[in-house]
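Structural description and commentary
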Amino acid sequence: MKRLVVGNLKSSLVSRGDRNDYVREFVDLFGDDIVSRVDVVVCPPSVYLESFIDVLSSHVSLGAQQIFWDDHVSRTGAVSPPVLRDFGVSYVIVGHSEQRAFMHVTKEDIQKQFLLALSFGMVPILCIGESRDEHQQGRSGDVLTQQLLDVFSSLVLSSDVQFVVAYEPVWAVGTDDVPSAESVSIARRSIQRFLCSQFGDDCLDRVSILYGGSVDAGRVASLCGESGVDGVLVGRASWNPQSFFDLVRAVSEL
Ligand code: PGA
């Protein structure tokens, strides 16, 4: 598997001008050969998904930041699963800590979103992570296992199903405070143990484990290279195409 870099643009493009500039610069930079050594996903704000169809290439896929938890046509404001599929969206972020905290998305909703993404042919990127208190109390492993159980305990998945788990400590998202490579590696191993016990050892050939939280080109060697994860989920460092590209280049050199 190639390393995977997912850019989460969140709500960073605040005007159509910003969006146009981003798409233009992104298309110029991400045509480079370096990008072919890494799998890249860009997740724009939902209202701009259609404009990003132009950035797709064999090495850059389109991701969505959210998906509604059912596909009924009478859901005011919902980001509809069939529309995401129709736009060519391949990946969907589910369970992000900002959605858990600010949009009150519950663990039941997250399980439904995960399943719905799969049933519409998209790869869910399941975000899990502990709070600062839980980290300081040494409870990170238990919290991660519980969040995985919340999604997987009652699921029977086919043996070729593809998904991504992103370890995103809540205290590292948007803060510039990052865990050590050793601490990311411990989290990676506990996620791997869980997945292997649930789905068998070969699931690691098709399930990527990412790290997310204050990643940039300077920190990626430690947070991704040394920790042994399969890639990174990036917020702020993807909000400018040049810094996103620098990060992808740094990952291609790991
Ligand atoms: P950050 O965001 O890189 O800005 O910390 C990461 C995320 O929210 O996925």
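Residues numbered from 1 in each chain as written. Predicted model: local features only at pLDDT ≥ 70, side-chain atom pairs only at ≥ 80, totals over all residues.

Structural notes on the overall build of the chain
Put simply, the rule reads: Only DSSP runs of H or I with at least four residues qualify as helices, and only runs of E with at least two residues qualify as strands; both kinds are numbered from the N terminus onward. For a compact globule the rule gives 2.2 Å times the number of residues to the power 0.38, and the radius of gyration it is set against comes from C-alpha atoms. Whether a residue is buried, exposed or partly exposed follows from its count of other C-beta atoms within 10 Å of its own C-beta, namely 20 or more, 12 or fewer, or something in between, respectively; the C-beta atoms are built from the backbone.
Of regular secondary structure, the chain possesses nine helices and eight strands. Taking 18 Å as the expected radius of gyration for a compact globule of 254 residues, we find that the chain reaches 17 Å, a close match to that expectation. Principal-axis analysis of the C-alpha atoms places the extent of the chain at approximately 45 × 45 × 35 Å. In the chain, buried positions account for 41% of the 254 residues.

A few points about the site of the ligand
Here is the rule: What makes a residue near a molecule or strand is its C-beta atom, placed from the backbone, lying within 6 Å of it. Under the grouping applied here, Gly and all other residues not named as nonpolar or charged are polar, the nonpolar ones being Ala, Val, Leu, Ile, Met, Phe, Trp, Tyr, Cys and Pro and the charged ones Asp, Glu, Lys and Arg.
By nearness alone, 13 residues border the ligand, and Val173, Gly212, Ser214, Gly235 and Arg236 come closest of all. In the shell around the ligand, the residues fall into five nonpolar, six polar and two charged.

Considering the nonpolar core
As a reminder of what qualifies: Among buried residues, those of type Ala, Val, Leu, Ile, Met, Phe, Trp, Tyr and Cys that are joined through C-beta atoms within 7 Å form a set called a nonpolar core. Residues are defined as contacting one another if the C-beta atoms placed from their backbone atoms lie within 7 Å.
Core analysis: the biggest nonpolar cluster contains 67 residues, and Val92, Ile125, Leu126, Leu210 and Val232 have the highest contact counts within it. The element contributing the most residues to this core is helix α9 (residues 241-252), with six residues. Not counting residues within four places of it along the chain, the set of residues in contact with Val232 comprises Val5, Leu210, Tyr211, Gly212, Val215, Val220, Leu223, Cys224 and Val251.

Things to note about the sheet that holds strand β4 (residues 89-94)
The test is simple: Note: two strands are recorded as paired if DSSP finds a minimum of 2 bridges between them. For helices, the fitted axis covers only the stretch in contact; all axes are lines through C-alpha atoms, and the angles between them, taken along N-to-C directions, range from 0 to 180 degrees.
Ordered in space as β1-β2-β3-β4-β5-β6-β7-β8, the eight strands form a closed barrel in which the pairing is parallel. On average, each strand axis in the sheet is tilted by 25 degrees relative to the strand beside it, whichever way the strands run. With four bridges joining them, strand β1 (residues 3-8) and strand β8 (residues 231-234) adopt parallel strand pairing. Looking at the pairing, Leu4 lines up with Gly231 of β8. Sheet contacts for α9: β1, β2 (38-43) and β8; angle to β1, the most-contacted strand, approximately 165 degrees.

Re the packing of helix α6 (residues 140-152) against helix α7 (residues 181-199)
For the record, the criterion: Here a crossing is called left-handed whenever its near helix is offset anticlockwise from the far helix by less than a right angle, and right-handed whenever the offset is clockwise.
Between α6 and α7, the least distance of the axes is 10 Å, while the angle of their chain directions is 35 degrees. Every pair of crossing elements has a handedness; the one defined by α6 and α7 is right-handed. Of the residues in α7, those touching α6 at Ser140, Gly141, Leu144, Thr145, Leu148 and Phe152 are Ala187, Ser190, Ile191, Phe194 and Gln198.

Considerations on the environment of Asp109
By secondary structure assignment, the location of Asp109 is in helix α4 (residues 107-119). What makes Asp109 partly exposed here is the crowd of 18 C-beta atoms within 10 Å. For the pair Asp109 and Ile34, spaced 75 residues apart in sequence, the C-alpha to C-alpha distance is 38 Å.

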